[in-house]
Amino acid sequence: MIHVALPKGRLGESVYALFEQAGYGCPSIREKNRKLIFENPEAGVSFFWVKPSDVAIYVERGAADVGVAGKDILLEYAPDVYELLDLNLGRCRMCVAGPEDFLDDPARSLRVATKFPNIARGYYSSLSREIDIIHLNGSIELAPLLGLSDVIVDIVETGKTLLENHLAPLETITPLSARLIANKVSYKFQYDETARLRDALAQAVKKGEKAP
Ligand code: PRP
């Protein structure tokens, strides 16, 4: 049995649909109840929903054999897991954003508000730019509006949140999407089952890309 940690929420719904297309469905998951773990012994799979940012922890510690995590989480926390496949879902990008007319003053340290301090530090250190990180947990766009920071490093999907707050994407740090990850020990001991799952998901991803 392969134990799968799925991210709760909108992304999780499309991730589960992909598992279903790949032949790893679990009909009981659609029932409205408070169960936390859903099993389909015939398909050799069990699922549980966790907070998206916790998926990598479950997988790293072996509570799940595989899981689906955003590339943002993998870059930020660098969990000790294998990244097996780009699921091409939840596509967005990590950006520097700020007021449209923002002009950086290299004479002073740049104040950067973000939920992703490691990604921000890595990016600015590659530019040799000195920064002051302001680590927030949400509603990052507020920081430049209230003068708490000069810019933000955050996820941009449609760009609507920025636009509606009179902010603009200034630089793209990296594209992001959902990735299939695996626990390193499980991957070794359940290699055949995991490889079969990865290949079936890869086929389903390809089909999805071809669909209009
Ligand atoms: C993310 C991100 C932006 C928003 C971008 O927030 O932090 O606020 O999505 O999406 P858009 O470009 O389509 O407008 P999330 O919904 O994860 O909530 P948060 O406030 O906890 O960061």
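What comes next is a walk through the structure. (Residues numbered from 1 in each chain as written. Predicted model: local features only at pLDDT ≥ 70, side-chain atom pairs only at ≥ 80, totals over all residues. Heavy atoms only, no water.)

1. Let's talk about the pairing of strand 9 (residues 151-156)
Working step 1: For strand 9, the tally of buried residues reaches 5 of 6 residues, placing the bulk of the element in the interior.
Working step 2: As defined by bridge partners, strand 6 (residues 92-99) adjoins strand 9 across 5 bridges and the pair is classed as antiparallel. Within strand 9, the residue paired with A97 across the bridge is I152.
Working step 3: Sheet topology places strand 7 (residues 110-114) next to strand 9; 3 bridges connect them, and they run parallel. When the sheet's bridge partners are listed, T114 is paired in strand 9 with V153. (Buried < 20%, exposed > 50% of the residue type's maximum accessible area, 1.4 Å probe, protein only. Helix = DSSP H or I, 4+ residues; strand = E, 2+ residues; numbered from the N terminus. Pairing = 2+ DSSP bridges.)

2. A look at the site of the ligand
Working step 1: Around the ligand, the neighbouring residues are K115, G138, S139, E141, D154, I155, V156, E157, T158, G159, K160 and T161.
Working step 2: S139 is positioned with one of its backbone polar atoms (N or O) 3.3 Å from an oxygen atom of the ligand.
Working step 3: Between the ligand and T158 there is a distance of 2.5 Å, counted from an oxygen atom to a side-chain nitrogen or oxygen.
Working step 4: In isolation the ligand offers 490 Å² of accessible surface; the protein chains occlude 65% of this area.
Working step 5: A molecule is said to occupy a pocket when more than half its atoms come within 2 Å of that pocket's grid points, and by this definition the ligand occupies the largest pocket.
Working step 6: With 3 residues, the single largest contributor to the shell around the ligand is strand 9.
Working step 7: A per-class count over the shell around the ligand returns 2 nonpolar, 5 polar and 5 charged. (Near = heavy atom within 4 Å. Polar contact = N/O pair within 3.5 Å; in protein donor to acceptor, adjacent residues only side chain to side chain. Areas by Shrake-Rupley, 256 points an atom, 1.4 Å probe, with all protein chains shown as cover. 1 Å grid on protein atoms, 1.4 Å probe; cavity = no way out; pocket = protein on both sides within 12 Å on 5 of 7 lines; lining within 4 Å. Sits in = over half its atoms within 2 Å of the grid points. Nonpolar A, V, L, I, M, F, W, Y, C, P; charged D, E, K, R; others polar.)

3. A word on the nonpolar core
One broad trend across soluble globular proteins is that nonpolar side chains are buried collectively.
Working step 1: Core analysis: the biggest nonpolar cluster contains 29 residues, and V4, L6, F19, F47, L87, L180 and L201 have the highest contact counts within it.
Working step 2: Put simply, the parts of the chain that give this core at least two residues each are strand 1 (2-7), helix 1 (10-21), strand 3 (45-50), strand 4 (66-70), strand 5 (82-86), strand 11 (178-182) and helix 8 (191-210).
Working step 3: Considering every element that reaches this core, the biggest residue donor is helix 8, with 5 residues.
Working step 4: Filtering out sequence-adjacent residues up to four positions away, V4 remains in contact with F19, V45, S46, F47, F48 and V66.
Working step 5: The next biggest cluster of nonpolar side chains, apart from the first, holds 13 residues, and it includes M94, V96, V151 and V153. (Core = buried A, V, L, I, M, F, W, Y, C linked by side-chain atoms within 4.5 Å. Contact = heavy atoms within 4.5 Å.)

4. Regarding the side chain of K71
Working step 1: Locating K71 in the fold gives a position in helix 3 (residues 71-77).
Working step 2: When sequence neighbours within four positions are dropped, the list of residues in contact with K71 reads E83, L176, S177 and R179.

5. Things to note about the sheet that holds strand 3
Working step 1: Spatial ordering of the open sheet is given by 2-3-1-4-11-5, a layout of 6 strands whose pairing is mixed. Where the open sheet ends on each side, the last strands, each with one partner, are strand 2 (37-40) and strand 5. Each strand of the sheet is rotated relative to its neighbour by a mean of 30°, with strand direction disregarded.
Working step 2: Across 2 bridges, strand 1 lies against strand 4 in parallel orientation. Bridge pairing links V4 to V66 in strand 4.
Working step 3: On the sheet, helix 1 packs against strand 1, strand 3, strand 4 and strand 11 and is oriented at approximately 145° with respect to strand 1.
Working step 4: Sheet strands in contact with helix 8 are strand 1, strand 4, strand 5 and strand 11, and its direction is about 30° off that of strand 5. (Axes fitted to C-alpha atoms, helices over the stretch in contact; angles between N-to-C directions.)

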